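Each chain is listed here by its residues.
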Amino acid sequence: MAQPGQDAKFFQRGKIEELRAELQAAETKDKKFLKRKTALKKIVANITMGNDSWYTFSPYAEDRDCSDRNPLIRALAIRTMSYIPIPVVTDSLTEPLRHCLKDRDPYVRKTAAICVAKLYTADPRRAEKGGFVEMLRDLMLDGNATVVANAVAALSEIGDRHDGVIFKLNLATANKLLAALGESSEWGQIYILDTLLRYVPERHADAELMAERIIVQLQHANSAVVLTTIKALLYLMNYMENKKLIDYCCKKMGPPLVTLLSSGPEVQYVALRNILLIIQRRPAVLKNDVKVFFCKYNDPIYVKLAKLEIMYRLARAENATEVLAELQEYASEVDVDFVRKAVRSIGRLAIKVEAGADNCIQALLSLVDTKVSYVVQEAVIVIKDIFRRYPGKYEGIIPKLCENLDLLDEPESKAAMVWILGQFSDRIDNADELLDDLLYTFLDESVEVQLALLTAAVKLFIYKSKLDSTKTLVHKVLKWATENVDNPDLRDRGFMYWRMLAVNPTVAGSIVLAEKPAITTDSDRMDRGALDQLLLHTGTLGSIYHKNPETFIRNAAGKALVDSPALNPHSRAAIVPLPRPQLPPASINIPGPGPSEPNNNSGPENADPVTKPAPPIPSSPIVSKVTTASSDDEDDEDDGPPVGGDPYSNLDGAFGNYLQDEPRPMGAGNQQARGHADLDDLLF
């Protein structure tokens, strides 16, 4: 073994020709490989110093190792060459790679399959012109399961590129892959299961048979295999019509997901983020397992927050009491963010489950009695929403809230309390005094609070227009809003209120005090099309961020459900179109002197749409063509049309950003559109 410091002599810059000659000379009379080791050390030292010496490897690797008798040497040589993305090595890689893809040893073939993906990344045009994509397609029918898995992995990597070939499966190829599933390694199973999403069933029976064949993989010990299997099942359910089989699949998916929660916190968080998507699309999967998501004392905060969101989504009338008791326990924790989220969840539970609203109000009042500032402020915020959800039912608790005005120091809680004072100023005897106290710092408050104070003052004046104190107060606020404030929204609202009150106070009252629409938690729901898209990325970073990979990964291709006769109507209605980018034509005509070339695109023989001008990277033949048609089958327990936006578009929502939790108005159209689907959806 070399002593420390003895290799310093190799760190001398040398010319590529000299290093190459020394490496070739070491091939003769070098039984113990000493000369070869010395030459390689010099090359590695030059590379470390920034001297590009990769060129010395290519002839050596091509001439010797790629044709070595030992299959391990052949595989290592072709792999090493494919990992050097420089033109001289890529030029030398083509023929050895072609031979290795047809090698008699499966280890060499499976290594060469991955090398095709590397070659495609370095030079897509060379990979397609050389026919390597077609050779990968042939390897999918190889007799060795490992070779099949690697060919599938390489084709998937190529197909996932924004500018890659379109990779689809037909039924025969999908069945071949399923036959190799049992003999593959766990990572090979992941590749094969993930590739099944490229198969578009044309008949319900095809999707149902395929689901029955892969459902056994839910028992696998590898969490990645489990999540990929769930992803494939959720995809196939869109093309199934057998309700009993769909219910059976949902029932089978629950225990493996629960088992993932016994892993480490990192795996738990990945599972929880995926579960949050799954239960929105298939609530039946975990509808009876809300207790599993109760937080443990030693859970990290990010796991606790993720569990809290799932608890709320699984809550319904039958388990509302248990969930409320658990949330009350969390409200006494020491972590401020967790306590805030727990208090907010109690209010959301009251809005979602009407049967448990009374108990939730009592719980919130007991939290207000603690006089803890951040607890009281969160309680005030959610109580404002409860007043709107159940008008005329809980206004008796307003005096209790007014006693804690001094504890409110955050804009959102202040604005909520000001809204309460203005909305119910006809029932609060000293509303003018309370608002006058809050107006002392009007010019120093945030815009949110200023807008609330302005509207509350106008409401107070409309309710109690005969009081001199009220007239003075509203005049003072309007003057500040129109003369002393730079914010255009606040100033414009001030002018609008002033003119309405000056022209016709009665009309102003009918506008400002108009009946507010009832609110619900519908906005917590993710858009159906976006949800279907995200479920195609179950078990990936996209499912953790709740964002499509193409939004944060360069050159990633988007995924979406593909229409077919077997696709159920609800899924078809929510399909998100994914137009493939239009690449420039292969040939570019530049006007100027030179020989004129015939125009090949003008003849009638080119009218066939298949022979349109090709993109600059020639398109490799598709593995199999899939036709699209209309579908006619009903979804299982799906909800109706999508409601609201994507409340998870911001990753910060998992770490205490409560702006997304605010309930939104529920229009009459929403209620009619949902129809009978609400009966099976736990989210309502």
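Predicted model only: the values in this text are computed from it and were never measured. (Residues numbered from 1 in each chain as written. Predicted model: local features only at pLDDT ≥ 70, side-chain atom pairs only at ≥ 80, totals over all residues. Heavy atoms only, no water.)

*Asks:* Outline the overall build of the protein, listing residues and values.
*Replies:* Scanning the protein from terminus to terminus reveals 31 helices and two strands. Considering the protein as a whole, with its 684 residues, one finds that 50% of them fall into the buried category. When the accessible surface of the protein is totalled, it reaches about 32900 Å², and 53% of it is carbon and sulfur. (Helix = DSSP H or I, 4+ residues; strand = E, 2+ residues; numbered from the N terminus. Buried < 20%, exposed > 50% of the residue type's maximum accessible area, 1.4 Å probe, protein only. Areas by Shrake-Rupley, 256 points an atom, 1.4 Å probe, with all protein chains shown as cover.)

*Asks:* Any chance you could break down the packing of helix α4 (residues 71–82) against helix α5 (residues 87–101) for me, citing the residues and the numbers?
*Replies:* α5 packs onto α4 with a crossing angle of 145 degrees between their chain directions and a minimal axis gap of 9 Å. Here α4 and α5 pass one another in a crossing that is left-handed. On α5, the residues touching Ile-78, Met-81 and Ser-82 of α4 are Val-89, Ser-92, Leu-93, Pro-96, Leu-97 and Cys-100. A per-class count over the contact of α4 with α5 returns seven nonpolar, two polar and no charged. (Axes fitted to C-alpha atoms, helices over the stretch in contact; angles between N-to-C directions. Left-handed = near helix turned anticlockwise from the far one by under 90°. Contact = heavy atoms within 4.5 Å. Nonpolar A, V, L, I, M, F, W, Y, C, P; charged D, E, K, R; others polar.)

*Asks:* Outline the pattern of salt bridges, listing residues and values.
*Replies:* Overall, the coordinates contain 28 salt bridges when judged by the stated rule. Look at the salt bridges and you will find they share partners, linking Arg-340, Arg-344, Glu-378, Glu-410 and Glu-412 into a network. (Salt bridge = Lys/Arg side-chain N within 4 Å of Asp/Glu carboxyl O.)

*Asks:* Break down helix α8 (residues 132–139) for me, with residues and values.
*Replies:* When we look at burial in α8, the residues that qualify are Phe-132, Val-133, Met-135, Leu-136 and Leu-139. Along α8, the residues classed as buried sweep out an arc of 160 degrees about the axis, all on the same side. (Arc of directions from axis to C-beta.)

*Asks:* Describe the packing of helix α17 (residues 320–330) against helix α18 (residues 336–352), naming the residues involved and giving the relevant values.
*Replies:* Contact geometry of α17 with α18 gives a least axis separation of 8 Å together with a crossing angle of 155 degrees. Relative to α18, α17 is oriented roughly antiparallel. As for how α17 packs across α18, the hand of that crossing is left-handed. Mapping the contact onto sequence places Ala-320, Val-323, Leu-324, Leu-327, Gln-328 and Tyr-330 in α17 and Phe-338, Val-339, Ala-342, Ser-345, Ile-346 and Leu-349 in α18. When grouped by side-chain class, the residues that make up the contact of α17 with α18 number 10 nonpolar, two polar and no charged. (Parallel < 35°, antiparallel > 145°, perpendicular 65-115°, else oblique.)

*Asks:* Go over a negative patch on the surface with me, naming the residues and quoting the values.
*Replies:* A surface patch of like charges, here negative, comprises Glu-329, Glu-333, Asp-335 and Asp-337. Tracing the backbone shows Glu-333 in the loop between α17 and α18. Here Glu-333 falls in the partly exposed class, since its relative accessible area comes to 32%. (Patch = residues over 30% accessible without salt bridge, like charges linked within 9 Å, V, L, I, M, F, W, Y side chains within 5 Å. Lys, Arg positive; Asp, Glu negative; His and termini not counted. Charge placed at Lys NZ, Arg CZ, Asp CG, Glu CD.)

*Asks:* I'd like to hear about the packing of aromatic side chains, residue by residue, with values.
*Replies:* Applying the stated criterion across every chain, the model contains eight aromatic pairs. Where Trp-419 meets Phe-424, the ring centres are 6.1 Å apart and the plane angle is 85 degrees; that geometry is what we call edge-to-face. Put simply, the rings of Phe-387, Trp-419 and Phe-424 pair up and form one aromatic cluster. Its end group placed over the ring of Phe-338, Lys-304 keeps NZ or CZ at 5.2 Å from the ring centre. Just above the ring of Tyr-312 sits the side chain of Arg-348; from NZ or CZ to the centre is 3.8 Å. (Phe/Tyr/Trp six-rings, centres within 6.5 Å; stacked < 30°, edge-to-face > 60°. Lys NZ or Arg CZ within 6 Å of the ring centre and 35° of its normal.)

*Asks:* Quick rundown of the environment of Ile-86? Include the residues and the values.
*Replies:* Positionally, Ile-86 belongs in the loop between α4 and α5. In this structure Ile-86 comes out as buried when scored by relative accessible area, which is 13%. C-alpha of Ile-86 to C-alpha of Asp-123: the two residues are 37 residues apart in sequence and 9.5 Å apart in space.

*Asks:* Describe in detail the confidence of the model for the protein, supporting the description with residues and values.
*Replies:* Across the protein, pLDDT averages 81, with 79% of residues at or above 70. Mean pLDDT values over the elements of the protein span from 43, in helix α31 (residues 668–674), up to 95, in helix α13 (residues 223–237). (pLDDT = per-residue confidence, 0-100.)

*Asks:* Account for the side chain of Ser-425, with residues named and values stated.
*Replies:* Inspection of the secondary structure puts Ser-425 in the loop between α22 (411–423) and α23 (431–438). Residue Ser-425 is classed as buried on the basis of its relative accessible area of 0%.

*Asks:* Talk me through a nonpolar patch on the surface; I want residue IDs and the actual numbers.
*Replies:* A cluster of nonpolar side chains, contributed by Leu-541, Phe-552 and Ile-553, occupies part of the molecular surface with about 240 Å² of accessible area. Relative to the helices and strands, Phe-552 is located in the loop between α29 (541–545) and α30 (569–573). Exposure remark for Phe-552: the relative accessible area of 30% places this residue in the partly exposed category.

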